[in-house]
Amino acid sequence: MSPRTIAEKIIATHAIEGFVAAGGIATVTPDILMLNDVSGPLAFEQFDAMGAKAPAEPARVVLIADHFAPASNIDSATAIGALRGFARKHGLAHFHEPGRGGIEHTLLDELGLVGHGSIVFGADSHTCTAGAFNALGIGFGSTDLAAALATGRLWLRVPETIRVELTGEPGRYVTGKDVILHVIRQIGVDGAADAALEFGGPGLAGLGMDARMAIANMAVEAGADTCAFEGDAASTAHMAHRGRAACAPVLPDADAVYRARLEINLSGLSPIVACPPSPGAGVTVAELRGQRVDQVYVGNCANGTMTDLRQVAEVLRGRRIGEHVRMIVVPATQRIWREALAEGLLDIIAAAGAAISTPTCGACFGGHMGILAAGEIAIATTNRNFRGRMGHPDSQVFLASAWVAAASAVAGEIVSPESLEAVP
Amino acid sequence: MTNAVDVVRGRVHRLGDDVDTDAILPGRYLALRDPAALGAHCLESLAPGFRGRVREGDILVAGRNFGNGSSREHAVIALKAVGIRAIVVVSAARIFFRNAINLGLPVMVSPEAAAGLLDSETATVSVVANTIEQNGTIWRPKRLDGEVAAILACGGLMQRTRELLAAQEGEDAENG
Ligand code: SF4
């Protein structure tokens, strides 16, 4: 057998038809099919129009109300109702809404539904987040997912792979967000088109699972089809923690063929901020000295984790948010929200003057709960800063880590935590 | 087949590089599903007036990385609702490409045609003949073949899957 990358190996174990090497077409049966309140309702219309009676694999279907949940208006209440209705009609075990859920990509891991070697097909572009767990997450639109629901399978073109070799150890304020913003500014917003981004190397040991999620999440911002981290001791322990049966990590063959290779020495990185309107426009924090912000947003499917909330609390402890700034903090899931409460993080954050919301996608995609007006400027731990992404087309979004976002909330301008005066 | 997507003849509307799906259809409208309601907001901030200029059957021409970002199929529904029937690009993001094909909107990849097609003038895109023509100039895009061609021949993935499921049911009935 010819040597294979992680993506080729995982696709091979799920392919029922087709030769599985980069460039080839394969028909794949995923382990999980995930839809949300934006993509689901469209998919169900198509599913019905296809004449499908029931999902081919109901146990594999996961429906999560996160984008507009809790409902922001009557249209979104109707959309969430469509999701709930499909779950009830087909007796699906996995339907999650506020109070018992969270943002889909974070929740999927929390539910123990993704692990070494598994494949998730999601009707959402950030399904690539699953790559953090040595799994493959592949994003699709609603009609593709409708066909996959109906038949249990879907065709895809097997991507080539770009290998990112990590070495060194990240400095105190360097996070997963900084690693991926660095990758995107290096290769460009379509630099990984038709490819999987594969992360591995000795530097992996210095990146926790939350940091890996932040990296995998934004693979699509480099144009990647999907993403895969090597599995290691940390991912193995994480799977056990999530209650998954043990299974060996999928590693690339030594002589696997890559489209390109990239090496990143983590010890050489410093915090990066992506300037509007492109996730590829990363600069150092120092280059943005004096840049005013009106709103600070910490949340989203990869940066509303305990790691992020701890960073925010560490910066905000004993400090106040700047007078002309508002800060919104969104724990990604209900479980994270409760854990942060128990750890005392939410109190520190609230005492500093931030608003804490229930888990939701909310303002990340300009839906609700923190929309920007014309002329307003935000710094956010989200993944897209396209024009108008968080509201008015003449608003602007800078992307950064939770460390930098929290420090900027205190200063009222973009700064690194190091530059804040010490708390007396 | 009656639904088959093949020849599109209409006027060209040009856009630039890196047009993301948030620009095609902003997030705040994603709770909508009605095509006309989505079409009303199509490209509203990137290309104001676009919707008014497009007539049924027109062709959208764009640069690199067209349709990048969100997987929202609403973007394709919005473009179809205003009348766009074919797209010619330098390159397209994978999910957008699939979504468009799945809804019977052909996306032809041809850097030469994307550079050469003149705005506001009529052009013809032929999927099966694999040509793009304007004022006598003919370009040959990357051929849409395999499953992509099969989906377009049915008019979209919904129609294709419906046929497959019906055929399967027929088989099951015979065997049962
Ligand atoms: S948090 Fe933002 S990027 Fe993540 S799934 Fe929700 S809308 Fe998409």
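Criteria and thresholds
- For every chain, the first residue of the written sequence is number 1, and numbering continues from 1 onward in sequence order.
- Chains and ligands are labelled sequentially in the order written, the chains with letters from A and the ligands with numbers from 1.
- This being a predicted model, a pLDDT of at least 70 is required before a residue's local features are given, and a value of 80 or more before pairs of side-chain atoms are given or counted; all residues contribute to the totals for chains, interfaces and linings.
- To get the side-chain values, all heavy atoms of the structure are used, and hydrogens and water are removed first.
- Strand pairing requires that DSSP identify at least two bridges connecting the strands.
- Under the DSSP-based scheme used, a helix requires at least four consecutive residues in state H or I and a strand at least two consecutive residues in state E, with every element numbered from the N terminus.
- Axis definition: a line fit to C-alpha positions, over the contact stretch in the case of helices; interaxial angles, taken between N-to-C directions, run 0 to 180 degrees.
- Should any heavy atoms of two residues lie within 4.5 Å, those residues are counted as being in contact.
- Segment limits for the domains were obtained from an automatic or database-derived domain assignment.
- Buried area is a sum: the accessible area each of two parts loses on coming together, probed at 1.4 Å, counted once for each and added.
- A pair is scored as a salt bridge if a Lys or Arg side-chain nitrogen falls within 4 Å of a carboxyl oxygen belonging to Asp or Glu.
- Polar contact criterion, stated in full: a pair of N or O atoms within 3.5 Å, where within protein one must be able to donate a hydrogen and the other to accept it, and residues adjacent in sequence count only if both atoms are side-chain atoms.
- Basically, the charged four are Asp, Glu, Lys and Arg, the nonpolar ten are Ala, Val, Leu, Ile, Met, Phe, Trp, Tyr, Cys and Pro, and anything else, Gly included, counts as polar.
- Definition of nonpolar core: a set of buried residues of the types Ala, Val, Leu, Ile, Met, Phe, Trp, Tyr and Cys, connected through side-chain atoms within 4.5 Å.
- Throughout, exposure labels follow a simple rule: accessible area from a 1.4 Å probe, protein chains only, divided by the maximum for the residue type, with under 20% read as buried, over 50% as exposed, and the rest as partly exposed.
- What makes a residue near a molecule or strand is one non-hydrogen atom of that residue sitting within 4 Å of it.

## Observations concerning the sheet that holds strand β1 (residues 15–17) of chain A
Residue and element names in this part refer to chain A.
Here is step 1 of the chain: Judged by pairing direction, the sheet is antiparallel, and its 3 strands sit side by side in the order β1-β2-β8 without closing on themselves. Each edge of the sheet is formed by a strand with only one pairing partner; in this case those strands are β1 and β8 (154–157). The mean inter-strand angle of the sheet, taken between neighbouring strand axes irrespective of direction, is 50 degrees.
Here is step 2 of the chain: Pairing of β1 with strand β2 (residues 25–28) involves 2 bridges; the strand directions are antiparallel. Looking at the pairing, E17 lines up with T27 of β2.
Here is step 3 of the chain: Contacting β1, β2 and β8, helix α1 (residues 6–14) runs over the sheet at an angle of about 60 degrees to β1.

## What to know about the domain arrangement of chain A
Residues and elements named next belong to chain A.
Here is step 1 of the chain: Here the domain parsing of chain A yields domain 1 (6–266) and domain 2 (273–420).
Here is step 2 of the chain: On a C-alpha basis, the centres of domain 1 and domain 2 stand 24 Å from each other.
Here is step 3 of the chain: Domain 1 puts 33 residues into the contact, and the matching count from domain 2 is 38 residues.
Here is step 4 of the chain: Interface area, domain 1 with domain 2, both sides summed: about 3000 Å², of which 60% is carbon and sulfur.
Here is step 5 of the chain: Between R384 and E221 there is a salt bridge, with the nearest N and O atoms lying 2.6 Å from each other.
Here is step 6 of the chain: At the junction of domain 1 with domain 2, the criterion picks out 20 residue pairs in polar contact (both at pLDDT 80 or more).

## What about the interface of chain A and chain B?
For an interface, size is often stated in terms of accessible area lost upon the parts coming together.
Here is step 1 of the chain: Facing 43 residues of chain A, the contacting portion of chain B comprises 37 residues.
Here is step 2 of the chain: With both sides pooled, the region where chain A packs onto chain B buries about 3300 Å², and carbon together with sulfur makes up 56% of that total.
Here is step 3 of the chain: Of all residues in chain A, A:L42, A:M50 and A:W155 give up the largest surface area on contact with chain B, accounting jointly for 18% of the area buried on that side.
Here is step 4 of the chain: For the side of chain A that touches chain B, the secondary structure elements donating two or more residues are α2 (39–49), α3 (74–89), β7 (136–139), α5 (142–151) and β8 of chain A.
Here is step 5 of the chain: By residue number, the principal contributor to the side of chain A that touches chain B is α5(A), which donates 6 residues.
Here is step 6 of the chain: Of the residues in the side of chain A that touches chain B, the class split is 21 nonpolar, 12 polar and 10 charged.

## Observations regarding the nonpolar core
Here is step 1 of the chain: Membership of the largest hydrophobic core comes to 150 residues, with the highest contact counts inside it found for A:L63, A:F121, A:M327, B:F50, B:F66, B:L79 and B:I87.
Here is step 2 of the chain: If one sorts the elements of this core by residue count, helix α12 (residues 402–411) of chain A sits on top with 8 residues.
Here is step 3 of the chain: Two domains each provide a minimum of three residues to this core, namely domain 1 (6–266) and domain 2 (273–420) of chain A.
Here is step 4 of the chain: Once residues within four sequence positions are removed from consideration, B:I87 is found in contact with B:L60, B:F66, B:L79, B:F96, B:L105, B:P106, B:V107 and B:M108.

## Digging into the site of the ligand
Here is step 1 of the chain: As a matter of local geometry, the ligand sits amid 13 residues, with A:H126, A:C301, A:C361, A:C364 and A:N383 nearest to it.
Here is step 2 of the chain: Among the domains, domain 1 (6–266) and domain 2 (273–420) of chain A are the pair contributing at least three residues each to the shell around the ligand.

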